[in-house]
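# Residue-level structure breakdown
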Amino acid sequence: MTEPTHGIVLGGGWAGMLAAHVLARHLERVTVVERDVLPDGPRHRKGSPQGRHVHVLWSSGARIVDTLLPGMIDQLLDAGARRIGFHQDLVTLTSHGWQHRFPPRQYALMCTRPFLDWKVRDRVLATGRIAVRGRTEILDLVGDAKRVTGVRVRDLDTGAGETLEADLVVDASGRGSRLRHWLSALEVPPLEEDIVDAGIAYATRVYQGPPGAAAGFPAVNVAADHRLREPGRFGVVYPQEDGTWMVTLSCTRGAGLPTHDDEFLPYARTLRHPLVADLIALAKPLTSVAVSRVGANRRLYPERLDIWPEGLLVLGDALAAFNPIYGHGMSSAARAAAALDAELQRSGIAGGTTHRAQQAISATVDDPWIMAASKDVEYVNCRMNTTDPRLTGGAVARQRFSDLIADRSIRSSAVCDVVTDVISLTAPQSELASSGFLSLMQKDRVLPELTEPPLTADELALVDLSPRSTVGAGGS
């Protein structure tokens, strides 16, 4: 580099820290601007309200993180994060029945969000090339419709304003991003926006499970059945890094959500199967109920604008936010960081780089967007404001095909492998329309339908539950 270059990242969460790490690989200096004081441990913060609910980092995102931060995944596992092989280590009641526990094709890391953010943040900041401006509010972008040259900020403690100059500004400020307002002030044409809102709400408690269960018992997921044409109710029991269970109950619009401690177990009893309720009835609650009602799918389309300011990028939830129930947010942010890294390796920050980089970043969110949005539109009372033709046309045929895949994948190992690759963002969604997959749907062996959770006798003994059926457990 012939002259110093400076990058600014708006937001110090998961997406912001990965973006800052990427910028630090290519620029002289990087500054992260964050409203909160980032904690020096695994503690919750105001700017991450979803952090109190379950999170998963799919294997696709984990591999990217491990490429950017070598050894990071082993560090997380050594510190207690749980690696869950899909579907060996998971007991799932899908919309179409119980999933057979086939040998793992992909995996997900399960741990608390504050723990994950803290561990990754520590690694990112250890380089010493990234400065964090905490307790700082972003007021405006500086520049014009052709180029952004920095940001105007305000210190939340002193009220003092300041302009920070930058060669590249990355908006990773999350769902609360004011990007559309900032761009309007620069006279950039309005961004197109799609919203698919099933009214998702979440209630979470942390439990101390029976001795040995947190490490030796599978994760549990009881999903709703959209075909019933009634508000959906969901429940999960996921192991965490400290040997506890995190239990999240959720619903779509129209179903009442438990907001008090004494409502939590009764609500779990209303799920399609009593497994979640049976588990938490035997466990000791460690926290009160935490509730969140932010779960709409929302996507912006900066790549569609003919005019886009050089020196500005947007990624993470500020670009596309998904219903958290599908677990794609963190992996999508990792994919965006990888796309940004590849573009900066290819072209640096030369003229025209920003628009190409934004196109590449936006392309990474298309698969998780359409998977989440097309699933949520199937629930009653879903509110939709979108021009995406994949969501506005052919709904009946699309749902029939989706139902066929769902019915087959829970009983066919080979079909399940492909579906898991797609869901984990390891393979493109287009794979589900390939001739090879369609042939597999016809030819692969289909196992009998399971009528009860596929738990082994040893697993049931860990949680002191009586055996019902062990068919399909252990990868049959």
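Attention here is on the structure that accompanies the text. From a predicted model like this one, the values you see are computed outputs, not experimental measurements. (Residues numbered from 1 in each chain as written. Predicted model: local features only at pLDDT ≥ 70, side-chain atom pairs only at ≥ 80, totals over all residues. Heavy atoms only, no water.)

### Description of the sheet that holds strand 23 (residues 383–385)
Taken together, four strands build an open sheet; the order of strands is 22-20-13-23 and the sheet is antiparallel. Here the strands that pair on one side only, and so sit at the sheet edges, are strand 22 (320–321) and strand 23. Where strand 13 (residues 193–197) and strand 23 come together, three bridges link them in antiparallel fashion. Among the inter-strand pairings, V196 is bridged to a residue of strand 23, identified as M384. (Pairing = 2+ DSSP bridges. Helix = DSSP H or I, 4+ residues; strand = E, 2+ residues; numbered from the N terminus.)

### Some remarks on the packing of aromatic side chains
Evaluation of the coordinates by the stated rule reveals four aromatic pairs. Relative to F86, the ring of W58 lies with its centre 4.6 Å away and its plane at 50°, an arrangement referred to as tilted. Taken together, the positions of W58 in strand 3 (residues 56–58) and F86 in strand 4 (residues 82–86) put the pair 28 residues apart, joining distant regions of the chain. Stacked on the ring of F264, the Lys or Arg R205 has its end atom at 6.0 Å from the ring centre. (Phe/Tyr/Trp six-rings, centres within 6.5 Å; stacked < 30°, edge-to-face > 60°. Lys NZ or Arg CZ within 6 Å of the ring centre and 35° of its normal.)

### Focus on the sheet that holds strand 7 (residues 106–110)
The three strands are arranged 3-7-4 in an open sheet whose pairing can be described as antiparallel. Edge positions in the open sheet fall to strand 3 and strand 4, since each of these has one partner strand only. Each neighbouring strand pair of the sheet contributes to a mean axis angle of 30°, computed without reference to strand direction. As defined by bridge partners, strand 4 adjoins strand 7 across five bridges and the pair is classed as antiparallel. Following the sheet pairing, R83 is matched in strand 7 by L109. (Axes fitted to C-alpha atoms, helices over the stretch in contact; angles between N-to-C directions.)

### Let's talk about helix 2 (residues 59–68)
The periodicity of an α-helix, 3.6 residues per turn, causes residues three or four places apart in sequence to face the same way. Of all ten residues making up helix 2, seven are buried, and the element is well covered by its neighbours. Turning to helix 2, its buried residues number three or more, namely S59, S60, G61, A62, I64, V65 and L68. Its buried side turned inward, helix 2 meets helix 1 (14–24), strand 3, helix 3 (72–78), strand 7 and helix 9 (329–347). (Buried < 20%, exposed > 50% of the residue type's maximum accessible area, 1.4 Å probe, protein only. Contact = heavy atoms within 4.5 Å.)

### Regarding helix 4 (residues 113–125)
Taking 1.5 Å of rise per residue, the 13 residues of helix 4 would be expected to cover 18 Å, and the 18 Å separating its terminal C-alpha atoms lies within 8% of that figure. Residues of helix 4 that are buried make contact with helix 1, helix 3, strand 8 (130–133) and helix 9. (Expected span 1.5 Å × (residues − 1).)

### Re a nonpolar patch on the surface
Residues F401, L404 and L438 make up a contiguous nonpolar surface patch of roughly 230 Å² in combined accessible area. Mapped onto the fold, F401 is located in helix 13 (residues 395–409). A relative accessible area of 33% places F401 in the partly exposed class. (Patch = residues over 30% accessible without salt bridge, like charges linked within 9 Å, V, L, I, M, F, W, Y side chains within 5 Å. Areas by Shrake-Rupley, 256 points an atom, 1.4 Å probe, with all protein chains shown as cover. Salt bridge = Lys/Arg side-chain N within 4 Å of Asp/Glu carboxyl O.)

### Description of the packing of helix 13 against helix 14 (residues 413–423)
The N-to-C vectors of helix 13 and helix 14 enclose an angle of 120°; their axes lie 8 Å apart at closest approach. One finds that helix 13 runs oblique with respect to helix 14. On the side of helix 13, the interface is formed by I405, R408 and S409, while helix 14 contributes V415, C416 and V419. (Parallel < 35°, antiparallel > 145°, perpendicular 65-115°, else oblique.)

### Points about the packing of helix 9 against helix 10 (residues 353–364)
A pair of packed helices is captured by two measures, namely the crossing angle of their axes and the spacing between those axes. At their nearest, the axes of helix 9 and helix 10 sit 8 Å apart, and the two run at 150° to each other. Relative to helix 10, helix 9 is oriented roughly antiparallel. As helix 9 runs across helix 10, the sense of the crossing is right-handed. On helix 10, the residues touching S332, R335, A336, A339, L340, E343, L344 and S347 of helix 9 are T353, R356, A357, A360, I361 and T364. (Left-handed = near helix turned anticlockwise from the far one by under 90°.)

Don't take any of this as a statement about function, it's just geometry.
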